Amino acid sequence: MSTLSAKERMQITRQSMPEQDAAERSRNFQEVNLGFPEQLALLEAQRCLQCKAAKCMQGCPVMVNIPRFVSLVAQGDMAGAAKSLMGDNALPSVSGRVCPQEQQCEGSCIRGVKGQPVAIGYLERFVADWARNHGTVSDEAQPAPTGKKVAVIGGGPAGLTAAGELVKKGHDVTLYEALHKPGGVLVYGIPEFRLPKKIVASEVDRLTKAGVKIECNVVIGRTYTIPELRERFDAIFIANGAGLPVFMNVPGENFKGVYAANEYLTRVNLMEAYHAEGANTPVLKGQRVAVVGGGNVAMDAVRTAKRLGAEKAMIVYRRTKEEMPARAEEVHHAGQEGVDFQLLVAPLEVVGDEKRWVKGLKCERMELGEPDASGRRRPQPVAGSEFILDCDVVVVAIGTKANPLLTATCPEMKLNKRGNIETDEAGMTSIPGVFAGGDIVRGAATVILAMGDGKRAAQAIDAYLKK
Amino acid sequence: MHKILAKKQLSPNVTRLDVLAPRIAEIKQPGQFVIVRAQEGGERIPLTIADADPAKGTIALVIQAVGKSTRELVALEVCDAIRDVSGPLGHPTELIASGRALCIGGGVGTAVVHPIAKALHAKGVQVTSVIGGRAKEWVIFEDDLQKCGDVIVCTDDGSHGRKGFVTDAAKEVLTAGGIDIVYAVGPVPMMRAVANLTRPFGVHTVVSLNPVMVDGTGMCGGCRVEVGGETKFACVDGPEFDGHKVDFDLLADRLQTYREFEQRANACADGQCRIRR
Ligand SMILES: Cc1cc2nc3c(=O)[nH]c(=O)nc-3n(C[C@H](O)[C@H](O)[C@H](O)COP(=O)(O)OP(=O)(O)OC[C@H]3O[C@@H](n4cnc5c(N)ncnc54)[C@H](O)[C@@H]3O)c2cc1C
Ligand code: FES
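Just so it is clear, the model here is predicted, and its values are computed rather than measured. Residue positions within a chain follow its written sequence, with the count starting from 1. Each chain gets a letter, beginning with A, and each ligand a number, beginning with 1, in the order they are written. Where local features are concerned, this predicted model is filtered to residues with pLDDT of at least 70; where side-chain atom pairs are given and counted, the filter is 80 or more; whole-chain, interface and lining totals use all residues. Each side-chain value is derived from all of the structure's non-hydrogen atoms; neither hydrogens nor water enter the calculation.

Caption draft 1: Representation of the side chain of Glu203(A). Residues and elements named next belong to chain A. Checked against the element boundaries, Glu-203 lands in helix α13 (residues 197–210). Throughout, exposure labels follow a simple rule: accessible area from a 1.4 Å probe, protein chains only, divided by the maximum for the residue type, with under 20% read as buried, over 50% as exposed, and the rest as partly exposed. Exposure remark for Glu-203: the relative accessible area of 6% places this residue in the buried category. Engagement of the side chain of Glu-203 in a polar contact is seen with the side chain of Ser-93, the distance being 2.8 Å. To qualify as a helix, a DSSP run of H or I must reach at least 4 residues; to qualify as a strand, a run of E must reach at least 2; elements of each kind are numbered from the N terminus. Under the rule applied, a polar contact is a pair of N or O atoms within 3.5 Å (in protein, one hydrogen donor and one hydrogen acceptor; residues adjacent in sequence only if both atoms are side-chain atoms).

Here you go:
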């Protein structure tokens, strides 16, 4: 099977991902994508041309050796593929589901020039799920303890990755998480239908088995400060995420029924308000929900609204679909599920009833003008185009900024003007031995970049501790 | 897991739990709070740290059982455990270093005022406390506050102390003069009334706000309040603010957000759902 000619490979078309029926899934919280069965994975893997100078690898922020693991899949050596993949990427079952592949590996795939790129993300997910289901244990020997202690702050993808890498090197790792459960955005933000919580839980489990000590309910900056941790640990990795939600700053934004996406999603995901019965944490289940924004967070919120029973779940976005920063697949899935896209529309004001409950969103229409600094065409208001969108819940998903809770207790640490932590190439902050990565450094970015930062910082910390 | 070492009923609907949380007991300062989750699947509930015993490693939580989650919490017994306790959260109270302070507590808010009064007293500030409740059995922390200075008790029905509202007694104290700062914690209408009372006296008034919270770290924005026309997150920017600048109408209004849900949950709990523990 593995000796197909390039021509034969070219003849295989991209396999599509089996998924739950759109109408059905828009009413439940189960995962949308069902995963490749083995024969589809084998077929898809054979589409890879095994390029010598693999462009896909350069498109990957963590340089996963894609041709190698894909060729092992094509040969039916799943255990080998898993070993190869997991050597490069600590959480492939997560990145296989949430990476914007179309802008990264698949966006660089040669086969995509004329046709469809190899479904690298689906294959990554396949291999990772295979490994989880087959309980492959790494054959790496237990590392000799170095006697060095490292604190990791934040249990999101950056922190989890760093903790895993550090413990592998024999360091004594304690991870502090502010919430009652580790996972960061993976558990409080990204919904079950896109990333089942049991996947994150099993990754966390793997870390604890490897020796990482996880302490939840510890808020660094309050329970302990960075200076205090520095006395007890030989090195620190800060990965507390981007944190603080940004609001629109329009009138009516504090009416009942206006949520920041973080709150809306946290109530539903982390606090499990999605359970039909018995949920202890409430969430307002709007009949007509307007979600402002065009990123992954907005897509997650609007599709959640649909699943909570909204008759109408709407995206309000001031540009067009082309400019949306969300993963292409999410926009596509949202459309299939009946989400209504109000494009080239910008909110001006939240309208409330006499009891200050949301009853609408006053908006104006936009048109695209000249490209702005981001290269996207700048939306401009159309004069006299104001209208009111009827809705009873508004979810604001227009971004986050750096949370100052931790950094405020460590004034000597250098921040940029947006409040993000500054680091050198290796991820070290202005304080020796204190490293940082993920969204607290980059601003709201991606899971894979956070994981890449975690891995790089772990290597740098290891080198620092050996000095 | 945080073991409950002591439990005491303070008033018909207020219970005190002394909970093992050594780190928090060691460093907590007046005005700070914790977020607790009684059990797996439970709601995250913000509660002020009413007292702490660093030697025993315990913190005192004073809980008014109003909804399903707080009722589940007060149903726990000594030796049971609270699953999650996170904190200490929020900024500590800004304490004056000398002079005279008036501390006003209404209902369960008295438990929040107590650590403030205690800390002021320890600094040598002269403290007068005015506390209130519906009737005698609803007045809490009277003895503890007595140790910090003068206490004036007010009850709606006159069954204990004076008959009337805390604002009436507070007005007399303010009129007598010499008060440098007022700390007021209680139901929103009471804090609003106190802020309105002290404004003409020009006395700085600190209130502690209790909006709906989820994470307590600034991540969700659910706890937003308006102070001096600016949106603030009570969990990280507060919970204490200048009472003369707080938009109390907004606070009271946003606290109504889940009323319907709570009523439904309470109705259920009154029926058969009490077994869930
Ligand atoms: C709804 C949503 C959907 C997204 N979808 C995608 C997607 O499809 N693909 C993608 O690539 N990216 C996506 N992102 C972005 C991605 O999730 C983030 O870039 C990534 O999670 C950042 O990782 P991190 O480890 O830096 O921080 P986080 O995941 O934010 O984790 C930080 C952790 O630190 C904890 N913490 C915070 N403060 C403290 C403190 N003081 N002390 C202790 N712990 C603390 C937090 O509780 C949290 O657990 C999405 C984001 C959201 C919100
Ligand atoms: S409780 Fe979430 S930001 Fe304050």
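After presenting the structure, the write-up continues.
Caption draft 2: Fine view of unusual backbone geometry. Pro88(B) follows Gly87(B) through a cis peptide bond whose omega is 0°. Mapping Pro88(B) onto the fold places it in strand β7 (residues 84–89). The residue after Gly238(B), namely Pro239(B), is reached through a cis peptide bond having omega 10°. Summarising the element assignment, Pro239(B) is placed in the loop between α7 (234–237) and β16 (240–242). One non-glycine residue, Asn217(A), adopts positive backbone phi at about 65°. Mapped onto the secondary structure, Asn217(A) falls in the loop between β3 (213–215) and α14 (226–232). Phi angles above zero are rare outside glycine, and Glu272(A) is one such case at about 60°. Examined against the element boundaries, Glu272(A) turns out to sit in the loop between α15 (261–268) and β7 (288–292).

Caption draft 3: Molecular detail of the nonpolar core. The biggest cluster of nonpolar side chains holds 77 residues, and the ones touching the most others in it are Ile66(A), Phe69(A), Val73(A), Leu123(A) and Phe237(A). Residue contributions to this core peak at nine residues, all from helix α20 (residues 447–466) of chain A. Any pair of residues with heavy atoms lying within 4.5 Å of one another is described as a contacting pair. Leave out the neighbours within four places in its chain, and Ile66(A) touches Cys56(A), Met57(A), Cys60(A), Cys105(A) and Ile120(A). Counting 41 residues, the second-largest nonpolar core is a separate cluster that includes Leu244(A), Val130(B), Val166(B) and Ala170(B). Within this scheme, the nonpolar core is defined by two criteria: the residues are buried Ala, Val, Leu, Ile, Met, Phe, Trp, Tyr or Cys, and they are joined through side-chain atoms within 4.5 Å.

Caption draft 4: Highlighting the interface of chain A and chain B. Taken residue by residue, the interface counts 38 residues in chain A and 41 residues in chain B. In total, about 3500 Å² of surface goes out of reach between chain A and chain B, with carbon and sulfur atoms giving 52% of it. Considering only the surface of chain A that becomes buried against chain B, Arg222(A), Asn254(A) and Asn280(A) emerge as the three largest contributors, covering 24% of it. By definition here, a salt bridge exists when the distance from a side-chain nitrogen of Lys or Arg to a carboxyl oxygen of Asp or Glu is within 4 Å. On inspection of chain A and its partner chain B, the count reaches three salt bridges. What counts as buried area is the accessible surface, traced by a 1.4 Å probe, that two parts surrender upon association, with contributions from both included.

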